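# Structural characterization, general
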Amino acid sequence: MESTLKEMRDGASVLDMDPKSTVGGGVEDVYGEDRATEDILVTPWTFSVASGYTLLRDPHHNKGLSFTEKERDAHYLRGLLPPAIVSQALQEKKVMHNLRKYQVPLQRYMAMMDLQERNERLFYKLLIDNVEELLPVVYTPTVGEACQKYGSILRRPQGLYISLKEKGKILEVLKNWPKKSIQVIVVTDGERILGLGDLGCQGMGIPVGKLALYTALGGIRPSVCLPVTIDVGTNNEQLLKDEFYIGLRQRRATGQEYSELLHEFMCAVKQNYGEKVLIQFEDFANHNAFELLAKYGTTHLVFNDDIQGTASVVLAGVVAALKLVGGTLAEQTFLFLGAGEAGTGIAELIALEMSKQTKAPLEETRKKIWLVDSKGLIVSSRKESLQHFKKHWAHEHEPVKTLLDAVKAIKPTMLIGSSGVGQTFTKEVVEAMASFNERPVIFALSNPTSQSECTAEEAYSWTKGRAIFASGSPFDPVECNGKVFVPGQSNNAYIFPGFGLGLVISGAIRVHDDMLLASSEALAGQVAEENFEKGLIYPPFSNIRKISAEIAANVAAKAYDLGLATRLPRPANLVKYAESCMYSPVYRSYR
Ligand SMILES: O=C([O-])CC(=O)C(=O)O
Ligand SMILES: [Mg+2]
């Protein structure tokens, strides 16, 4: 066992291992039973056909009043349903009508979660058909409030909770999950939920929400998605005192205790689901996020949404914005407020793309990008005391304390906020941007809306409609000087569903930076002339499934080119192939 784990850490591929080895279950032997050694416990699974009352209580198969006469006969449903037979379209109309009556966003969230637990296909049908209306309900901003109050609103637990109590038993815990074949895991430890900070175990709303989007936006089947929350405690005093808190009542475990639990999880996942399961890290605090990505990037198929997904979506917006601003990427100057996962991740991907375009070394292109953190502009005199992920950005400059002074000193063409702190792009900051840019580009990325650096209305009114604005959480269109401006939503939700689909359909075994550039390019390519006319640098979410297929195809193509794809032969038309793989929530007929 020890040697197997070591091989896994050292990056040995399951493909070149002895087929009788204990790792790699998940290819054919989905239960891992044939490959289990005597010291590994196996679960005695049984399956039966759901019928009658059980069928109505099974969210995977339940269709409510949509069961036909024939199905009602064949599946022992007579008498369990009122006589009316209702189409899925009418059910959808009814639920939307009811949802719209709720004034409080959290009530809509709870109604959607109830629907997901009751009738999965109807839930996804609603989400796909009404994506622009429902994204703010199941995702940012409402999901943030839901996590803050998760203990109070929780009815039926969703996802898998792995706490310190499960140490040494994580493989068994994974086997408790009802589905054996998993392709995408979104995992959080709840330490940095959106810009809301440490929400401990209640961060579960995030993996659940992200995976709902994997299915609705990226077409990954819900049955192969697994939301996970790792509970190592919380440092949120308010939650520790909250009688309804659902997590471990202790301060966060750190150091060896933390990394051992995470390592057990990573090994158990690979052992149980194989080499090709995608593990998406979500909303970890900076120090752990960078470390986990570096540590497992060479042995597992891992993707950090906050570092890499956000980087890819912002690069796409930046590239699209060039059409409105003019000039090349390398001619821009960037200033970031926030030097954490998002800030440094975006900065690095922009520098990489600049370097590819101009053939200049990365060390040179990084000099076009400046970051401000809580202590002011990151400059070389601060280098010694900087965390390692900030060191690349310590350029020669005298110290500058405030964002406003940094804007005046650096004169960026694009200003990007990613610090998780709201209202930091003040009128003075935005006006300064407008004083030396004809079209100042402003990204207010922090989530949820309460943490946004400024509002869309502020950005447009303070620049007299000249700003090109995008934000992490949605804002409504704004009228300014008689013209309507549509702010873009620069959220990783544009990227991760298609990105993950691309990895899954190509059977990729590792993530490579070039795949991030590929997904960015695909997204930027989807912005139409009519979008640009409204100042919009992202395509509307209403086209997201088509966009996801384009992203998936570009990512898969890169996986094949790099020799990281295992699903062979390579399909001739990857866009068509991606589309053909996507889950559709239309009801199935039962025999
Ligand atoms: O969840 C979102 O809306 C975007 C994101 O990853 C974050 O803010 O951490
Ligand atoms: Mg996140």
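Keep in mind that what you see is a predicted model, and the values were worked out from it rather than measured. (Residues numbered from 1 in each chain as written. Chains lettered and ligands numbered in written order. Predicted model: local features only at pLDDT ≥ 70, side-chain atom pairs only at ≥ 80, totals over all residues. Heavy atoms only, no water.)

By secondary structure assignment, the location of Arg192 is in the loop between β2 (184-188) and α11 (205-218). With 90 residues separating them in the primary sequence, Arg192 and Glu282 have C-alpha atoms 8.8 Å apart. Residues in contact with Arg192, not counting those within four places in the same chain, are Gly197, Asp283, Phe284, Ala285, Asp306 and Glu341. Of the polar contacts made by the side chain of Arg192, one reaches the backbone oxygen of Leu194; its length is 2.9 Å. A distance of 2.9 Å separates a polar atom in the side chain of Arg192 from a polar atom in the side chain of Asp283. (Helix = DSSP H or I, 4+ residues; strand = E, 2+ residues; numbered from the N terminus. Contact = heavy atoms within 4.5 Å. Polar contact = N/O pair within 3.5 Å; in protein donor to acceptor, adjacent residues only side chain to side chain.)

Those residues carrying the UniProt feature "binding site: a divalent metal cation" (unreviewed entry) are Glu282, Asp283 and Asp306 in this numbering. Across 25 residues in sequence, these annotated residues keep their C-alpha atoms within 6.8 Å of one another, forming a single compact spot. Mapped onto the fold, Asp283 is located in the loop between β4 (278-281) and α14 (286-296). Overall, the relative accessible area of 1% leaves Asp283 in the buried class. In contact with Asp283, other than residues within four places in its own chain, are Thr188, Asp189, Gly190, Glu191, Arg192, Ile193, Leu194, Ile206 and Asp306. For Asp306, the location among the structural elements is in helix α15 (residues 305-325). Classification of Asp306 by relative accessible area gives buried; the value is 6%. Ignoring any residue separated from it by four or fewer positions in sequence, one finds Asp306 in contact with Arg192, Phe281, Glu282, Asp283, Phe284, Glu341, Ala342 and Asn492. (UniProt positions renumbered as here; feature names shortened; annotations may be inferred. Buried < 20%, exposed > 50% of the residue type's maximum accessible area, 1.4 Å probe, protein only.)

Lining the immediate environment of ligand 1, one finds Tyr139, Thr140, Arg192, Leu194, Lys210, Glu282, Asp283, Asp305, Asp306, Asn447, Asn491 and Asn492. Here Lys210 contributes a side-chain N or O atom positioned 3.1 Å from an oxygen atom of ligand 1. Contacts to ligand 1 include Glu282, whose side-chain N or O atom sits 3.0 Å from an oxygen atom. (Near = heavy atom within 4 Å.)

This part takes up the side chain of Gln91. With respect to the secondary-structure elements, Gln91 resides in helix α4 (residues 88-101). Side-chain polar atoms of Gln91 contact the side chain of Tyr587, separated by 2.5 Å. Other than its neighbours up to four places away in sequence, Gln91 contacts Lys63, Gly64, Leu65, Ser66, Val86, Asn119, Leu122 and Tyr587.

Following Thr140, the chain continues to Pro141 via a peptide bond in cis, the omega torsion being 10 degrees. Along the chain, Pro141 turns up in the loop between α7 (131-138) and α8 (142-148). In this structure, Leu194 takes a positive phi of about 45 degrees despite not being glycine. Positionally, Leu194 belongs in the loop between β2 and α11. In this structure, Lys411 is a non-glycine residue whose phi angle is positive, near 50 degrees. Take Lys411: its relative accessible area is 47%, and that puts it in the partly exposed class.

On to the coordination of the magnesium ion (ligand 2), then. Ideal geometry at a metal centre gives angles of 109.5 degrees when four donors are arranged tetrahedrally and 90 or 180 degrees when six donors are arranged octahedrally. Taken together, the protein donors to the magnesium ion (ligand 2) comprise Glu282 (OE), Asp283 (OD) and Asp306 (OD), at separations of 2.0 to 2.1 Å. Read in sequence order, the donor residues coordinating the magnesium ion (ligand 2) give the pattern E-D-x22-D. With Asp283 in the loop between β4 and α14 and Asp306 in helix α15, the pair connects residues that are 23 residues apart, well separated along the chain. Take Asp283 and Asp306: they sit in the same class, and that class is buried. (Donors = N, O, S within 2.8 Å, 3.2 Å for Na, K, Ca; no water.)

Bringing the pattern of salt bridges into the picture now. For the structure shown, the criterion picks out 28 salt bridges. Glu69 is the partner of Arg78 in a salt bridge, and the nearest nitrogen-oxygen pair spans 2.9 Å. Judged by its relative accessible area of 41%, Glu69 falls in the partly exposed class. Across the pair Glu275 and Arg510 runs a salt bridge, and its minimum N-O distance is 3.1 Å. Remark: Arg510 occurs in the loop between α21 (496-506) and α22 (513-524) and Glu275 occurs in the loop between α13 (255-273) and β4; sequence separation between them is 235 residues. Summarising the burial analysis for this pair, Glu275 and Arg510 share the class buried. (Salt bridge = Lys/Arg side-chain N within 4 Å of Asp/Glu carboxyl O.)

Attention now goes to the sheet that holds strand β9 (residues 414-417). Across the sheet, seven strands lie side by side as β8-β7-β6-β9-β10-β11-β14; this open sheet has mixed pairing. A strand with exactly one partner marks an edge of an open sheet, and here the two such strands are β8 (376-377) and β14 (488-489). Note: strand β6 (residues 334-337) against strand β7 (residues 369-373), four bridges, orientation parallel. Across the sheet, residue Leu337 finds its bridge partner in β7, namely Val372. On the sheet, α15 packs against β6, β9, β10 (441-444) and β11 (468-471) and is oriented at approximately 155 degrees with respect to β10. (Pairing = 2+ DSSP bridges. Axes fitted to C-alpha atoms, helices over the stretch in contact; angles between N-to-C directions.)

Before going further, it helps to spend a moment on the UniProt feature "domain: Malic enzyme NAD-binding" (unreviewed entry) in the protein chain. Mapped onto the present numbering, the UniProt feature "domain: Malic enzyme NAD-binding" (unreviewed entry) falls on residues 307-560. Within the segment residues 307-560, helix and strand shares are 44% and 12% respectively, and the terminal C-alpha atoms sit 24 Å apart.

Spatial strand order, β1-β3-β2-β4-β5: five strands in an open sheet with parallel pairing. What marks the edges here is a single partner per strand, and that holds for β1 (160-163) and β5 (302-304). Each neighbouring strand pair of the sheet contributes to a mean axis angle of 25 degrees, computed without reference to strand direction. Taken together, the three bridges between β4 and β5 define a ladder with parallel strand orientation. Bridge pairing in β5 links Phe281 to Asn304.

Time to look at the domain arrangement of the protein chain. Think of interface size as the accessible area that goes away when the parts come together; that is how it is often given. With domains assigned, the protein chain is organised as domain 1 (53-136), domain 2 (139-304), domain 3 (309-490) and domain 4 (494-581). Computed over C-alpha atoms, the centres of domain 1 and domain 4 are 31 Å apart. With four residues of domain 1 at the contact, the number on the domain 4 side is five residues. At the boundary of domain 1 with domain 4, total buried surface from both sides reaches about 350 Å², with 76% on carbon and sulfur atoms. Counting across the domain 1 and domain 4 interface gives one residue pair in polar contact (both at pLDDT 80 or more). Ranked by residue count, the leading element in the side of domain 1 that touches domain 4 is α7, at three residues. Per-class residue counts for the side of domain 1 that touches domain 4 are three nonpolar, no polar and one charged. (Domains from an automatic or database assignment. Buried area = accessible area lost by both parts, 1.4 Å probe. Nonpolar A, V, L, I, M, F, W, Y, C, P; charged D, E, K, R; others polar.)

With respect to the secondary-structure elements, Ser66 resides in the loop between α2 (52-56) and α3 (69-74). Among the polar contacts made by the side chain of Ser66, one reaches the side chain of Gln91 at a distance of 3.3 Å. Discounting chain neighbours no more than four positions away, the residues touching Ser66 are Glu71, Val86, Ser87, Gln88, Gln91 and Tyr587.

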